[in-house]
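In case you want the letters, here they are:
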Protein chains: 4
Amino acid sequence: MSYSVAVAGASGYAGGELLRLLAAHPQFEVRTVTAHQNAGEPLRRVHPHLASYGDTVLAPTTADSLRGHEIVFLALPHGHSGAIAEQLGGDALLVDCGADHRLESAQDWADYYGGDHYGSWTYGMPELPLADGGRQRAALGGVRRIAVPGCNVTAVTFALAPAITRALVEPRDLTAVLAVGPSGAGKKASVDLLGSELIGSANPYAVDGGHRHNPEIRQNLRRAGGTEVALTFTPVIVPMSRGILATTSARLREGVSLADVRAAFDEVYADERFIDLLPAGVWPRSGDVTGSNRAAIGVGVDERAGRLVAVSAIDNLGKGTAGAAIQSANLALGLDESLGLPLDGVAP
Amino acid sequence: MSYSVAVAGASGYAGGELLRLLAAHPQFEVRTVTAHQNAGEPLRRVHPHLASYGDTVLAPTTADSLRGHEIVFLALPHGHSGAIAEQLGGDALLVDCGADHRLESAQDWADYYGGDHYGSWTYGMPELPLADGGRQRAALGGVRRIAVPGCNVTAVTFALAPAITRALVEPRDLTAVLAVGPSGAGKKASVDLLGSELIGSANPYAVDGGHRHNPEIRQNLRRAGGTEVALTFTPVIVPMSRGILATTSARLREGVSLADVRAAFDEVYADERFIDLLPAGVWPRSGDVTGSNRAAIGVGVDERAGRLVAVSAIDNLGKGTAGAAIQSANLALGLDESLGLPLDGVAP
Amino acid sequence: MSYSVAVAGASGYAGGELLRLLAAHPQFEVRTVTAHQNAGEPLRRVHPHLASYGDTVLAPTTADSLRGHEIVFLALPHGHSGAIAEQLGGDALLVDCGADHRLESAQDWADYYGGDHYGSWTYGMPELPLADGGRQRAALGGVRRIAVPGCNVTAVTFALAPAITRALVEPRDLTAVLAVGPSGAGKKASVDLLGSELIGSANPYAVDGGHRHNPEIRQNLRRAGGTEVALTFTPVIVPMSRGILATTSARLREGVSLADVRAAFDEVYADERFIDLLPAGVWPRSGDVTGSNRAAIGVGVDERAGRLVAVSAIDNLGKGTAGAAIQSANLALGLDESLGLPLDGVAP
Amino acid sequence: MSYSVAVAGASGYAGGELLRLLAAHPQFEVRTVTAHQNAGEPLRRVHPHLASYGDTVLAPTTADSLRGHEIVFLALPHGHSGAIAEQLGGDALLVDCGADHRLESAQDWADYYGGDHYGSWTYGMPELPLADGGRQRAALGGVRRIAVPGCNVTAVTFALAPAITRALVEPRDLTAVLAVGPSGAGKKASVDLLGSELIGSANPYAVDGGHRHNPEIRQNLRRAGGTEVALTFTPVIVPMSRGILATTSARLREGVSLADVRAAFDEVYADERFIDLLPAGVWPRSGDVTGSNRAAIGVGVDERAGRLVAVSAIDNLGKGTAGAAIQSANLALGLDESLGLPLDGVAP
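Given the structure is predicted, the values throughout are model-derived calculations rather than measurements.

What follows concerns the interface of chain C and chain D. Bring the parts together and some accessible area is lost; that lost area is often taken as the interface size. Facing the 46 residues of chain C at the interface are 46 residues of chain D. Seen at the junction of chain C and chain D, the total is 8 salt bridges. A salt bridge links Arg-304 of chain D to Asp-111 of chain C, with the nearest nitrogen and oxygen atoms 4.0 Å apart. One can count 14 residue pairs in polar contact (both at pLDDT 80 or more) joining chain C with chain D. The leading source of residues in the side of chain C that touches chain D is strand 10 (residues 231-237) of chain C, at 5 residues. Of the residues that constitute the side of chain C that touches chain D, the class distribution is 21 nonpolar, 14 polar and 11 charged.

Now the structure itself:
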């Protein structure tokens, strides 16, 4: 049997990747795609790569267009999902790829986003290890509301969570620098995101703590370790259309060895199909996960500096957004978690 | 009057950039260019962009070819400059763009490079602030042997030195992640450096402390701060042919404010023509220094994390190698430090 | 039921893409992967993106390793497939992704490749329109030997064949210029293919008629039009890892209108699932077919110049190599032609 | 002595490159820079790479701001230079980098641009060979109004003019396909020009004769050959921020040999400092002219196809715009034509 699906905000990059993956999902059937500015246009005018959608036309993004589907994926700018979700109500499965329902703390929301805080939904990161030894996966079974994690958040959380949950590092002193593709910044016309500005350059943004993904990372690591963490987090846009490579580090607790670190990562990720822990001395490349739902992780210890170094690679639109959304939806519906999700990247 | 110049290792990327800058230098005249594998070939077969060199042919890299010039720039793989410098002897000005004469500690040399250690030459980083309040510039006047800093080293040192020399941060807990172009890895045929492997991907290398530039950075910061430092340093190759963007961070000492940090950077770099300290809240982009001898620096404080964040951008072949070499040679010869060195980048 | 598959030359880019697609094919099961230099290594050391192959190890490329499979894909440098095919013999389905069995004319082989000519196999381009009104597809049913077309050949043939087969243009005056990614040139360590040489530049090669794909294009168009053609064909390597955008033109025959041209292309490609003829005034982008088996085609008329202009986009590793190989294998085995072949591209 | 200079439209890419080159010009002194939207902002907010301009602020683009300078460079969108030039009047040297004064034919203007046609100014392409055996250079001495050629126009004209002026090819059958960087399309916020849309893709535009540079190319070749020409011309945006590689071809006249072609190009470009005719068999790469005022040309013959193939590389912002503007201004003022113009490219 198959579920009827609507995708709101289908004209953006996240929406496009959702549609690409959904077209290959054996049990999801996309019935409606909506957009705001592009409503009324053929889908292929905004996504020429999605040939399998033929002559599909974009409907306006309204509760009426979205009502009557079993699953609704919301790929809207932050601040828009909350309102439309309230209008929709009902027991359809709503999967929000935006930020509106990620943060539990109204204060964090006010500090980093502002505007109405619509509260938080079940967090769509099945692999997240929890302080009680469980996984976030358990919370997703049967839910009707899912908040999909941010892409940078996913990369940093996967790199640091095992060390935090096993208390191998000092939690107050975490650093993360990310090489990211511009598709994570969305499909808005902006001089800063022009090819001419990005090609041939590495451009940092939201430096010194201002990035909106910061509180969400801290929320995840707090849940993993049961304690507050402090993190310096800097994304750098580099000339690749998609992909994230996160290089993170943390001071090792007294007496923690490389063997302890490797063991912790091995155990935490042993059964995770979509987390690809690389052998000691091997480091991930973002290009190797392009188009996939896989996160590749490398971890080691800088003996001289006494710090753990963990590097993670994901596709910001794949495991970073659309893949995570579908994986969590599979779980909510009691399906095989990996249905419709590619493991192999498209490389070179 | 003009000085006669030879460039050894002219067929590589560093050699090529030296020749590009030297062609525009009002008092240096390139008389000889040498190579190893490409000896006997027209220079333009290996550097088609250097039209101003006309039909110049590459001589073999031997002491005989290099002898008889007032200035010899050595752009050779590490391990080659030491021997040829000994053969040359004499009082010509030798400027080594390789690693052979950078490290003062024979132990560091043995740990990171191995093979004969030829000792250290005067370090070619005029702007380096010293613990005694002076600058490395003072040491360069009249010298006949100069060791040009490594490119990654330059980017990280400029980002962190002011905070270290003013004791604003904990010296044991420094982190640096660099987005770097592949030209810094040289012009050797290697599958890892193929366009197909690099385009569309961010690829880390020499993670967890193994990178050869690590001890050199520590040496610089030790000289700036008068104390040992510990640093985790990870370069990530991104799809731009040249450029480095270094994102660094360090734990602030108790009670240090953003104002203290800005004041320190302002004072340390106030008179440095080639260090471009950006206004608060503005961050450098590597593309804006392409082809120039300028380092652009942005600095701020992540209040929540209690860490200083400093970002620097240089051209790895410009201020990172060839520009620094010429700037130091100007100083050694008592010329205007900035002769022949571009301040503006080529952008977009 | 499923077929047992071996892939020879699995360590290269074409081999890697074959494995990526084969992993998702419902009726093909990869049992053996072979390589020359990398024999004995884990597959993932050369293809980190192929997580679904787990711990698979590369066997040596020998007849013994390849024997006993129902399908053998040969992704070897030209000159190697012929010999190994002779050793294999038997009635396994052999699919040669190299050039050895593409050219019918021994003279063409001698002129452009040299060395032994092993004759030609059934040409693996199902969509090729023939002068008798049929398609090449018909020749592929039940065969045991398939020669997969060259990637540039596929792009140019699809752009020009409809006009040639309908005699709308002068056949002696064809031009094609291709923007191509370097993965088409293979995974060999070469300075010309280094990221530093390619990023930020557009580099032509094999200009003025020397390219080995030239006689193969002429062979295809001769079969489509029943007459000799002359073609100037220039590939230009641009900084994208994969993809081909071919811009072709031809002088229109007297009295041929845009309507005639559009009608011809509409009719010739009407039933072709993997050829995506775009509406008038819309032109393909190579990025929109990345990772897919689709060819996107735009066609129009330059009234002032009296020339047809046709632009085609393919993924050189997808429809240009691995996709075409699998599509033809499906046909040879009587399976649904589109089994295991993606229609949508991975974009942006 | 030095000339006072104003640059109108300084906030765009062409304006930025003009400022970069003017800063190094020994006899031009930039006194005023103007912009429309960005008026009142510091220049470095829009051009962070132009450190040598310190705290210069952008004035509004008005006749009042521009009046009182000896040289005014106009780098404005087409349609704006004509009006402002009329307001300025006087005998200052006006150099228009836009299209307003390039086309002699009011009909061409109406067909391709529309709006008021302000007539044509002296065409700023010194190297253009004329049908009478002279060069366009002769017309530039002492003039007060210069129209700078379009960037694509320059690349195609240099590739084809020698064959046209020597009547070696059929003039009715010319083709040109250009790989171009997006900076040629300007600094306007547009989804089509986003890094996400361009990186990893080759995107054609203005196919089938619609491009505005087409009539200007025909005008140049008509002046070179004394006869009408017909040209199919297709630009393809590729992922490099700047640069043009034009691949052109034309049917050879009966009996014309490769030797004839090489001789013609040798003679036509023998004394041109900024045209770099490469040896037979060597082809230009766009990356080798980045940042320079040089055009690199390769030419050969495709014997089988009976066509000449000529490839040219320029920097669209350098020789394609700002360099040509300064070169022509030098000539108009009786200065050394090459003053302030780099010959070497910035590579890799």
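Attention shifts here to the relation of the copies chain A and chain D. Least-squares fitting of chain A to chain D yields an RMSD of 0.0 Å, with the superposition described by an axial translation of 0.0 Å and a rotation of 180°. On this basis, the relationship between the two copies can be described by a two-fold rotation axis. A high fraction, 100%, of the interface residues of chain A reappear at the interface in chain D, so the copies pair face to face through one surface.

Here we take up the UniProt feature "domain: Semialdehyde dehydrogenase NAD-binding" (unreviewed entry) in chain A. According to UniProt, the feature "domain: Semialdehyde dehydrogenase NAD-binding" (unreviewed entry) maps to residues 4-136 of chain A in the numbering used here. In residues 4-136 of chain A, the share of helix is 25% and the share of strand is 19%. The end C-alpha atoms are 26 Å apart.

Residues and elements named next belong to chain C. At a minimum axis distance of 8 Å, the contact between helix 1 (residues 13-23) and helix 11 (residues 318-332) shows a crossing angle of 45°. By the angle between their directions, the pair helix 1 and helix 11 is classed as oblique. The two elements helix 1 and helix 11 meet at a crossing, and its hand is right-handed. Facing Ala-14, Glu-17, Leu-18, Leu-21 and Leu-22 of helix 1, the residues of helix 11 in contact are Thr-321, Ala-322, Gly-323, Ala-325 and Ile-326.

Let us look at the interface of chain A and chain D. At the interface, 18 residues of chain A touch 18 residues of chain D. Each partner contributes to the roughly 1,400 Å² buried at the junction of chain A and chain D, and carbon and sulfur atoms together form 66% of this total. If you sort the residues of chain A by the area they bury against chain D, Leu-194, Ser-196 and Ile-199 of chain A come out on top, with a joint share of 38%. For the pair chain A and chain D, the number of links is 0 salt bridges. Inspection of the chain A/chain D interface yields 6 residue pairs in polar contact (both at pLDDT 80 or more). Looking at the side of chain A that touches chain D element by element, the count peaks at 4 residues for helix 8 (residues 195-198) of chain A.

Next up on the list: unusual backbone geometry. Of note, the bond from Ala-347 of chain A into Pro-348 of chain A is cis; its omega dihedral lies within 30 degrees of zero at 0°. Relative to the helices and strands, Pro-348 of chain A is located in the segment after helix 11 (318-332). Positive phi values are uncommon outside glycine, yet Ala-167 of chain B reaches one of about 55°. As for its position among the elements, Ala-167 of chain B is in the loop between helix 7 (151-165) and strand 8 (174-180). Ala-167 of chain B gets classed as partly exposed once you look at its relative accessible area, which sits at 40%.

All right, on to the side chain of Thr-34 of chain D then. Residues and elements named next belong to chain D. Secondary-structure assignment places Thr-34 in strand 2 (residues 28-35). Look at Thr-34 and you get buried, because its relative accessible area is 0%. Residues in contact with Thr-34, not counting those within four places in the same chain, are Val-7, Ala-8, Gly-9, Ala-10, Ser-11, Leu-58, Ala-59, Pro-60, Thr-61, Ser-65 and Leu-66.

Definitions and cut-offs
- Residues numbered from 1 in each chain as written.
- Chains lettered and ligands numbered in written order.
- Predicted model: local features only at pLDDT ≥ 70, side-chain atom pairs only at ≥ 80, totals over all residues.
- Heavy atoms only, no water.
- Contact = heavy atoms within 4.5 Å.
- Salt bridge = Lys/Arg side-chain N within 4 Å of Asp/Glu carboxyl O.
- Polar contact = N/O pair within 3.5 Å; in protein donor to acceptor, adjacent residues only side chain to side chain.
- Helix = DSSP H or I, 4+ residues; strand = E, 2+ residues; numbered from the N terminus.
- Nonpolar A, V, L, I, M, F, W, Y, C, P; charged D, E, K, R; others polar.
- Least-squares fit on C-alpha atoms with pLDDT ≥ 70 in both.
- UniProt positions renumbered as here; feature names shortened; annotations may be inferred.
- Axes fitted to C-alpha atoms, helices over the stretch in contact; angles between N-to-C directions.
- Parallel < 35°, antiparallel > 145°, perpendicular 65-115°, else oblique.
- Left-handed = near helix turned anticlockwise from the far one by under 90°.
- Buried area = accessible area lost by both parts, 1.4 Å probe.
- Buried < 20%, exposed > 50% of the residue type's maximum accessible area, 1.4 Å probe, protein only.

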